[in-house]
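Here's the letter readout for the chains.
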Amino acid sequence: MTGSDGPHREPGSDFRPAGPASERAREEEERAVEQALALVGGSDRTGGVGGAGGRPSRGQDPRGHQDAHDPRGHQDSQSHQDARDEDPNAGPSSDPRARRTSDSDPHARRSTDSHPYDDRDNDPRDGRTTAAATTTATTTAGTTAATATAPEPVGEQPPLPDRASPGDPAKPRPTLPPPSWNRARAIASRAGRGGPPATIRLPLDRALGHVLAEALGALTDLPSFDTSAMDGWAVAGPGPWAFEAGAGLLAGRGPAPVLPDGTAVRIATGARVPPDTTAVIRSEHAHVDEARGLLHARRSVVTGQDIRPRGQECRSGEQLVPAGTVVTPAVLGLAAAAGYDALPVVPRPRVDVLVLGDELLNAGLPHDGLIRDALGPMLGPWLRALGAEVSDPRPLGDDAGALRSALTSSDADLIVTTGGTAAGPLDHVHPVLEALGAELLVDGVAVRPGHPMLLARLSPDGPYLVGLPGNPLAAVSGLLTLAEPLLAGIAGRPAQDPYRALVHADVHGHPHDTRLVPVVHRPGRRGGRDHVAPLRYNGPAMLRGIAAADGLAVVPPGGVRSGTEVEILDLPWAPATPWTEGCFT
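Parameters at a glance
Residues numbered from 1 in each chain as written. Predicted model: local features only at pLDDT ≥ 70, side-chain atom pairs only at ≥ 80, totals over all residues. Heavy atoms only, no water. Helix = DSSP H or I, 4+ residues; strand = E, 2+ residues; numbered from the N terminus. Buried < 20%, exposed > 50% of the residue type's maximum accessible area, 1.4 Å probe, protein only. Contact = heavy atoms within 4.5 Å. Areas by Shrake-Rupley, 256 points an atom, 1.4 Å probe, with all protein chains shown as cover. Pairing = 2+ DSSP bridges. Axes fitted to C-alpha atoms, helices over the stretch in contact; angles between N-to-C directions. Phe/Tyr/Trp six-rings, centres within 6.5 Å; stacked < 30°, edge-to-face > 60°. Lys NZ or Arg CZ within 6 Å of the ring centre and 35° of its normal. Lys, Arg positive; Asp, Glu negative; His and termini not counted. Salt bridge = Lys/Arg side-chain N within 4 Å of Asp/Glu carboxyl O. Polar contact = N/O pair within 3.5 Å; in protein donor to acceptor, adjacent residues only side chain to side chain. Expected span 1.5 Å × (residues − 1). Parallel < 35°, antiparallel > 145°, perpendicular 65-115°, else oblique. Left-handed = near helix turned anticlockwise from the far one by under 90°. Nonpolar A, V, L, I, M, F, W, Y, C, P; charged D, E, K, R; others polar. Core = buried A, V, L, I, M, F, W, Y, C linked by side-chain atoms within 4.5 Å. pLDDT = per-residue confidence, 0-100.

(A) Representation of the overall build of the chain. Of the regular secondary structure elements, the chain holds eight helices and 32 strands. Within the chain, the fraction of its 585 residues that count as buried is 47%. Sequence-distant contacts, at least 24 apart, represent 76% of the contacts inside the chain between residues at least 6 apart. About 28200 Å² of surface is accessible on the chain, with carbon and sulfur atoms providing 53% of the total.

(B) Structural detail: the sheet that holds strand E17 (residues 342-346). Here three strands make up an open sheet; going across it, the order is E5-E17-E6 and the pairing antiparallel. Edge positions in the sheet fall to strand E5 (200-203) and strand E6 (211-212), since each has one partner strand and no second. Direction of pairing for E5 relative to E17: antiparallel, over a ladder of four bridges. Residue Pro203 lies in a different strand from E17, and its bridge partner there is Ala342.

(C) The sheet that holds strand E14 (residues 294-297), seen in detail. With respect to topology, six strands assemble into an open sheet ordered E12-E9-E11-E10-E14-E13, the strand pairing being mixed. Both edges of this open sheet fall to strand E12 (279-282) and strand E13 (286-289), since each of them pairs with a single strand only. Strand-to-strand twist across the sheet, computed as the mean angle between neighbouring axes with direction ignored, equals 35°.

(D) Layout of the packing of aromatic side chains. Applying the stated criterion across every chain, the model contains one aromatic pair. Note on Trp233 and Phe243: the rings are 5.2 Å apart at their centroids and 65° apart in plane angle, and the pair reads as edge-to-face. Pair noted here: Trp233 is in strand E9 (residues 232-235) and Phe243 is in strand E10 (residues 241-243), with a separation of ten residues, a long-range link. Phe243 carries the same exposure label as Trp233, and that label is buried. Looking at Arg272, its charged tip hangs above the ring of Phe225, at a distance of 4.4 Å from the centre. The cationic tip of Arg544 hangs over the ring face of Tyr537; the distance from NZ or CZ to the ring centre is 4.1 Å.

(E) Spatial organisation of unusual backbone geometry. Going from Leu222 to Pro223, the amide bond is cis rather than trans, its omega being -5°. By the element assignment, Pro223 lies in the loop between strand E7 (216-217) and strand E8 (227-228). With an omega dihedral of -10°, the bond running from Arg448 to Pro449 counts as a cis peptide bond. For Pro449, the position within the fold is in the loop between strand E25 (447-448) and strand E26 (454-457). Despite not being glycine, Asp276 shows a phi value in the positive range, around 70°. Unlike most non-glycine residues, Asp368 shows phi in positive territory, near 50°.

(F) Summary view of the side chain of Asp289. Take Asp289: it is sitting in strand E13. Here Asp289 is buried and forms no salt bridge, its nearest opposite-charge partner Arg292 lying at an N-O distance of 4.1 Å. At 3.3 Å, the side chain of Asp289 and the backbone nitrogen of Ala291 are in polar contact. In contact with Asp289, other than residues within four places in its own chain, are Phe243, Leu294 and His296.

(G) Representation of the pattern of salt bridges in the model. Considering all chains together, one arrives at eleven salt bridges under this definition. We note a salt bridge from Asp221 to Arg310, for which the minimum N-O separation is 2.9 Å. In this pair, Asp221 sits in the loop between E7 and E8 while Arg310 sits in the loop between strand E15 (307-308) and strand E16 (319-321), placing the two residues 89 residues apart along the sequence. On the basis of relative accessibility, which here comes to 10%, the residue Asp221 falls in the buried class. Across the pair Arg561 and Asp506 runs a salt bridge whose closest N-O atoms are separated by 3.5 Å. Highlighted residues: Arg561 in the loop between strand E31 (551-555) and strand E32 (565-570) and Asp506 in the loop between strand E28 (499-503) and strand E29 (514-522), separated in sequence by 55 residues. With a relative accessible area of 46%, Asp506 lands in the partly exposed category. Connected through shared salt-bridge partners, Asp221, Arg310 and Arg315 make up one network.

(H) Highlighting helix H2 (residues 181-192). Here H2 is twelve residues long and its end C-alpha atoms lie 17 Å apart, about the 16 Å a rise of 1.5 Å per residue gives. Listed as buried for H2 are Trp181, Ala184, Ile187, Ala188, Ser189, Ala191 and Gly192.

(I) Spotlight on the pairing of strand E30 (residues 531-534). Pairing of E28 with E30, which is carried by two bridges, proceeds in the parallel orientation. Considered in E30, the bridge of Val503 is made with Val532. Taken together, the four bridges between E29 and E30 define a ladder with antiparallel strand orientation. Within the sheet, the bridge partner assigned to Val519 lies in E30 and is Pro534.

(J) Quick look at the packing of helix H4 (residues 375-385) against helix H7 (residues 472-491). Between H4 and H7, whose axes approach to 12 Å, the crossing angle comes to 25°. Classified by the interaxial angle, the pair formed by H4 and H7 is roughly parallel. You can see that H4 and H7 cross each other, and the crossing is right-handed. Mapping the contact onto sequence places Leu375, Met378, Leu379, Trp382 and Leu383 in H4 and Pro472, Ala475, Val476, Leu479, Leu480 and Leu487 in H7. In terms of residue class, the contact of H4 with H7 is built from eleven nonpolar, no polar and no charged.

(K) The nonpolar core, seen in detail. Formed by 47 residues in total, the largest nonpolar core has its most connected members in Val351, Leu379, Trp382, Leu383 and Leu486. By residue number, the principal contributor to this core is H7, which donates ten residues. What Leu486 contacts, discounting residues up to four positions off in sequence, is Ala188, Ser189, Ala191, Gly192, Leu414, Leu455, Tyr464 and Val466. The next biggest cluster of nonpolar side chains, apart from the first, holds 17 residues, and it includes Leu356, Leu403, Leu407 and Leu454.

(L) Just the pairing of strand E11 (residues 263-267), in detail. Looking at chain direction, E9 and E11 are connected through four bridges and run antiparallel. Of the residues in E11, the one forming a bridge with Val235 is Ala264. The pairing of E10 with E11 spans two bridges and is parallel. Looking at E11, one finds that Phe243 is bridged to Ala264.

(M) Looking closely at the confidence of the model for the chain. Taken as a whole, the chain shows an average pLDDT of 76; of its residues, 68% reach a score of 70 or greater. Counting contacts from residues 36-158, a segment whose pLDDT is below 50, to residues more than four positions away or on other chains yields 272 contacts.

(N) View of the packing of H2 against H7. The N-to-C vectors of H2 and H7 enclose an angle of 25°; their axes lie 7 Å apart at closest approach. The angle between H2 and H7 places the two elements in the roughly parallel class. For the pair H2 and H7, the crossing hand works out as right-handed. Only Leu480, Thr481, Leu482, Glu484, Pro485, Leu486, Gly489 and Ile490 of H7 make contact with H2, whose side of the interface consists of Trp181, Ala184, Arg185, Ala188, Ser189, Ala191 and Gly192.

Structure follows, in structure tokens:
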């Protein structure tokens, strides 16, 4: 409201008449005050009229964004304010309309946060920043009124800008403690096992690498008849045994006649054993008297020796392998022997890989600020090694519209994005997910490198999304923390028991977060236990260490001493070779 002495001034509103020069001076002063207050514990500019809880007036936002009482569940971000996480670089905008409650606009771009880099892995805390979000008064033509936004029409999605410029206002997110590394993995695993897996039948030549959807039961006795385990002689009763010259019994032939006591017949490996056979004598253990037509044993004969009786391996209906077993070449052979032509398996999870970033090159040497895309060539084979069916990586650049289109048109079970999970002006993953109404299951993890990783579900029956950080080793961390357990659940693979090993060196830890450190297995010396050795080049942007590793050590906060047992995450391959020692350790 206004009075005879001019506009009414609320405490802390810091109102001054606007003018070209004075406006710039006011903004510079406000920016300095904001930064100084943030550094000592937070700004007290809580929003002018109405304070932090005041409702803005309607009609100011033509896009119809909702206010702090958003019926979709967005809360006033003041309730999440944490002065320790306030961004000292996020000064007020020159446009008073931009100083609304930032949570009311799901498409406001975010700036990179102000958390310091970790002094060991150089991984910026760019996934957990929230600037102090306040409701601010709008002053127009001598009238101070609280700004508000109209409710968003049901069923409509506001447009996303294709790109954000560095000067755009930041969009802070509520500060919530990130889950521990173990909890994040458990959430991902549970999400993948949220429903019964689908079942398809594949012929044996296409089932390799899939997971059995049902237990495999024997369709017949195995072997299905008594067979000879060796080339030699089938004999009946005590010896010596009379025999007749000839080829004898061969594999693949029909039933043989009963073998009378005191007689013998030549028999090949795998051939049916005649009824009433006492034993099979190996050729090298028999002496043939051709002149007299008698067979003598060089060793004592035990009833049933070298005969494989019917059902020795399994009986019809007996379970051979349980559901959840990965179909290996050996499983294929067993299934064929047991009578299967096709197997009931879980379909491979389908994965789309979206590579974000305008700075990435697909070929050639880095130049002019551009770098090679390391994740596109790496993620496809890695995800296939985890049992997924992966489409070719799609480079999208820093384009929010292209990202949104790719997400809404995907028919995959899982979408993996690289980069864009932080809070920078070109990090579009969070705004696009919010615009699509996605459910964030994990938004940051207490792990280094890679804590800005995320896991979301685009719709109740839609695909999952794993957002990987852009740094290569940080992306590997996200892959093993979220994507691997999620894919295992979707594919029906049983959860694996943790594997632990001694670490053969002191390993520094993060003060609060778990660290994942590339390691290589080493045999114990002089009867000692096998152990793992940490590898160098383990920064979040490095791949040199993980390229030589055959596992990642899970190092708890604070680090571990040499000789401590730590959990090991095995990689889908085992590249540890002698040349790695000395070069990386």
